[in-house]
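Structural overview for review
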Amino acid sequence: MAGLKVLFATSEAAPLIKTGGLGDVSGALPAALRAIGVDVRVLLPGYRQVIAQLAQHKVVATFDTLSGFPSARLLSAVTANDVPLLILDCPSLYQREGGPYQDAKGQDWPDNPQRFGLLSKIAAVLGSSASPLDWHPDLVHCNDWQTGLTPAYLRFAQGAVPSVFTIHNMAFQGNYAPAILRELRLPPSCFGIDGVEFYGHMSFLKAGLFYADHITTVSPNYAKEIQQAELGFGMQGLLTKRSGDLNGILNGIDTDEWNPATDKHLVKKFSVARMAGKAADKEYLQCRLGLDIVPDVPLLGVISRFTHQKGLDLLLEVAPQLIGLPAQLAMLGSGEAQMQQAARNLSQRYPGKVGVNIGFSEALAHQIEAGADIFIMPSRFEPCGLNQLYSQCYGTPPVVHATGGLVDSVVDCTAETLKDGSASGFVFKGMSAENLFATIQRSVDLYHDQRKWKALRRNCMTKDFSWKASAEAYRAVYLKVLGR
Ligand code: ADP
Ligand code: GLC
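Just so it is clear, the model here is predicted, and its values are computed rather than measured.

Calculation rules
Residues numbered from 1 in each chain as written. Chains lettered and ligands numbered in written order. Predicted model: local features only at pLDDT ≥ 70, side-chain atom pairs only at ≥ 80, totals over all residues. Heavy atoms only, no water. Helix = DSSP H or I, 4+ residues; strand = E, 2+ residues; numbered from the N terminus. Contact = heavy atoms within 4.5 Å. Areas by Shrake-Rupley, 256 points an atom, 1.4 Å probe, with all protein chains shown as cover. Lys, Arg positive; Asp, Glu negative; His and termini not counted. Charge placed at Lys NZ, Arg CZ, Asp CG, Glu CD. Near = heavy atom within 4 Å. Polar contact = N/O pair within 3.5 Å; in protein donor to acceptor, adjacent residues only side chain to side chain. Nonpolar A, V, L, I, M, F, W, Y, C, P; charged D, E, K, R; others polar. Domains from an automatic or database assignment. Pairing = 2+ DSSP bridges. Axes fitted to C-alpha atoms, helices over the stretch in contact; angles between N-to-C directions. Parallel < 35°, antiparallel > 145°, perpendicular 65-115°, else oblique. Salt bridge = Lys/Arg side-chain N within 4 Å of Asp/Glu carboxyl O. Buried < 20%, exposed > 50% of the residue type's maximum accessible area, 1.4 Å probe, protein only. Buried area = accessible area lost by both parts, 1.4 Å probe. Expected span 1.5 Å × (residues − 1). Core = buried A, V, L, I, M, F, W, Y, C linked by side-chain atoms within 4.5 Å. Right-handed = clockwise from strand over helix to strand, strands pointing away.

Moving on: the overall build of the chain. For the chain, the helix and strand inventory stands at 20 helices and 18 strands. The principal-axis extent of the C-alpha atoms belonging to the chain is close to 65 × 45 × 40 Å. Taking all contacts inside the chain whose residues are at least 6 apart in sequence as the whole, residues at least 24 apart take part in 70%. Accessible area for the chain stands at about 19,000 Å²; split by element, carbon and sulfur atoms hold 52% of it. Mean positive and mean negative side-chain charge positions of the chain (44 and 44 charges, respectively) differ by 2 Å.

Surveying the vicinity of ligand 2 reveals 14 residues, the closest of which are His 168, Asn 251, Glu 382, Cys 384 and Gly 385. In this structure, an oxygen atom belonging to ligand 2 sits 3.3 Å away from a side-chain N or O atom of Asn 169. In isolation ligand 2 offers 310 Å² of accessible surface; the protein chains occlude 93% of this area. Ranked by the residues each element gives to the shell around ligand 2, the list is headed by helix H1 (residues 21–35), at three residues. In the shell around ligand 2, the residues fall into six nonpolar, six polar and two charged. Each of domain 1 (5–252 + 467–482) and domain 2 (276–461) accounts for three or more of the residues forming the shell around ligand 2.

Moving on, we come to the sheet that holds strand E8 (residues 175–176). As summarised here, the arrangement of the three strands in space is E8-E10-E9, forming an open sheet in which the pairing is antiparallel. Every interior strand has two partners, whereas the edge strands, E8 and strand E9 (197–198), have only one. Looking at chain direction, E8 and strand E10 (residues 201–203) are connected through two bridges and run antiparallel. Across the sheet, Tyr 176 pairs through a bridge with Met 202, a residue of E10. Here helix H7 (residues 204–211) sits on the sheet and contacts E8, E9 and E10; the angle it forms with E10, its principal contact strand, is near 55°.

The interhelical angle for the contact between H1 and helix H20 (residues 468–481), taken along N-to-C directions, is 75°, at an axis separation of 9 Å. Considering their axes alone, H1 and H20 lie roughly perpendicular with respect to each other. In this structure, H1 contributes Leu 29, Ala 32 and Leu 33 to the contact, and H20 contributes Ala 471, Tyr 474, Arg 475 and Tyr 478. Residue classes in the contact of H1 with H20 are distributed as six nonpolar, no polar and one charged.

Below, the discussion takes up the pattern of salt bridges. Within the structure shown, the criterion is met by 17 salt bridges. For the salt bridge of Arg 242 with Asp 245, the shortest nitrogen-to-oxygen distance reads 3.0 Å. Among the residues examined, Arg 242 registers a relative accessible area of 12% and is labelled buried. What you see here is one network of salt bridges that share partners, running through Lys 18, Asp 24 and Glu 362.

Turning our eyes to something else, we now look at the domain arrangement of the chain. Splitting the chain by domain gives domain 1 (5–252 + 467–482) and domain 2 (276–461). Placing the centre of domain 1 and that of domain 2 at their C-alpha centroids yields a distance of 32 Å. Contacts between domain 1 and domain 2 engage 19 residues on the former and 16 residues on the latter. When domain 1 packs against domain 2, close to 1,300 Å² is buried across both sides, 63% of that on carbon and sulfur atoms. Linking domain 1 to domain 2 there are one salt bridge. A salt bridge links Lys 18 to Glu 362; the nearest nitrogen and oxygen atoms lie 3.4 Å apart. Among the secondary structure elements, those contributing two or more residues to the side of domain 1 that touches domain 2 are H1 and helix H8 (220–225).

Next up on the list: the side chain of Asp 111. Structurally, the position occupied by Asp 111 is in the loop between helix H3 (91–94) and helix H4 (112–126). For Asp 111, the side chain forms a polar contact with the side chain of Arg 96, separated by 2.7 Å.

Looking now at helix H19 (residues 450–461). One turn of the α-helix equals 3.6 residues, which is why residues spaced by three or four share an orientation. Spanning twelve residues, H19 covers 16 Å between terminal C-alpha atoms, matching the ideal 16 Å at 1.5 Å per step. Those residues of H19 that fall on the buried side of the exposure criterion are Trp 453, Ala 455, Leu 456, Arg 457, Asn 459, Cys 460 and Met 461.

The next thing to look at is the nonpolar core. Grouped burial of nonpolar side chains is what soluble globular proteins tend to show. Counting 92 residues, the largest nonpolar core has Leu 43, Leu 74, Leu 118 and Leu 209 as its most contacted members. Top contributing element to this core by residue count: H4, with eight residues. Ignoring anything within four residues of it in the chain, the contact list for Leu 43 reads Leu 7, Phe 8, Ala 9, Thr 10, Leu 74, Leu 86, Leu 88, Leu 119, Ile 122, Ala 123 and Leu 126. Counting 37 residues, the second largest nonpolar core, distinct from the first, contains Val 318, Met 339, Phe 426 and Ala 455.

Okay, the pairing of strand E17 (residues 398–401) next. The side-chain alternation of E17 yields two buried faces, one formed by Pro 398 and Val 400 and the other by Val 399 and His 401. You can see the chain leave strand E16 (residues 374–377), run along helix H15 (residues 387–393) and come back into E17, and the turn it takes is right-handed.

On to the site of ligand 1, then. Around ligand 1, 19 residues are found, and the nearest of them are Gly 21, Asp 24, Arg 305, Lys 310 and Gly 359. Within the side chain of Lys 18, an N or O atom sits 2.9 Å from an oxygen atom of ligand 1. Backbone polar atom of Ser 361 to a nitrogen atom of ligand 1: 3.0 Å apart, as the coordinates give it. Protein burial of ligand 1: of its 560 Å² of free accessible surface, 93% is covered by the chains. Breaking the shell around ligand 1 down by element, the ones donating at least two residues are H1, strand E13 (299–306), strand E14 (328–335) and H15. Looking at the shell around ligand 1 residue by residue, the classes come out as seven nonpolar, seven polar and five charged.

Looking at the secondary structure, you find Lys 468 in helix H20. For the pair Lys 468 and Leu 133, spaced 335 residues apart in sequence, the C-alpha to C-alpha distance is 30 Å.

Laid out in structure tokens, this is it:
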């Protein structure tokens, strides 16, 4: 759409900085929007890792007099896929050893409210008449709590454009002591139920949900779930009230990054027409993780944050039974210390059968998607989930719990769905170890029926998860908000 300009504010964007799916989305959606003619620019904090990767950049603005905030600069750069970037450079807040949200020990940075308060503030400045740039967006698109204050700042700014707020995960809210409100220079009047207040705290997420002109989330099913108590994390009342301004748009896949026919991380590439390479990728993965090199035992893959959300506790519980099927297990991830230890213990108890890598490795993530036979994702809740999309693309049918975006993206394999060509994985209802085990067992049984397994893999690999349709849906939201 000629003339549609959007500032996309986010706290991570692949490949520059990524801790999870938000990074994937922020790396791919802006490019997909640009491909359909939306002039998107991405605003991202200048973390140490980000600044180190910028080949060339220009200083396009300085902010020395923002009340309540340290001095900051805006650097302009371009991503590898030609998306213009605005990097918020403020060394005292962003340039340090550690991750974007936590230090190396996994503790939240104590100044996160200031760090993401500044990100939110600058996004709002750029969307108001106070912007120092020549480029003026028609709308600001915010993502998750880290940019939740932007819609609030915009509400109190001169010449402000509207905002869209996307929920990637309701479990992360950015709730802080009320005093932060004054520190971040928001008017005291917005500390109330009709404002940023949430059970006595000031909440970045609540601010986004209350003040944004429109709310989206990352799957249609999650859009319904968060309006109910079980998955609304206390905000279901507000979301129900705003249901007319709320819709779900399923995430897509960056097919330049996640495509088994071109993936630079694989020892052998493959595609639906030429599957031979997948066996070599399996063997490589078995080697890399110290698993026995056996071709006919199904290899179950897991790539996950080790948290309660992801249901890894259940998987760890049923792992000994899985080994007995027999099956092998390849796990990559990090998170809660107890789960990490349980995974390590498993690999010691079952050498050659369970391979565990605790950490973050982009290459190994691709290698697991390709080398595994079956992907396991028993999330208790999952706003969208990307790994089940990647695994389908890589001919690795996923086993998933019936929640959130997993429901919208995986069709349970039955005699009927296999016949009509829609089956693409295995879905279980009822979050229990028994149900998870029974469903993995069902997938392993089908794995041993070569003819049916090939049909299922073919279905998975011919589904279209590209960003195009979702980018169109975001553009429709922008146009609606702008009344065009
Ligand atoms: P979430 O954002 O809730 O963690 P998603 O499924 O949306 O879940 O996205 C997770 C993304 O992060 C995927 O791209 C996945 O491959 C990646 N990822 C998660 N853990 C790791 C890890 N330990 N190493 C490499 N990539 C990981
Ligand atoms: C969050 C969610 C995940 C989603 C991702 C990207 O991290 O947990 O389900 O895919 O955001 O939207």
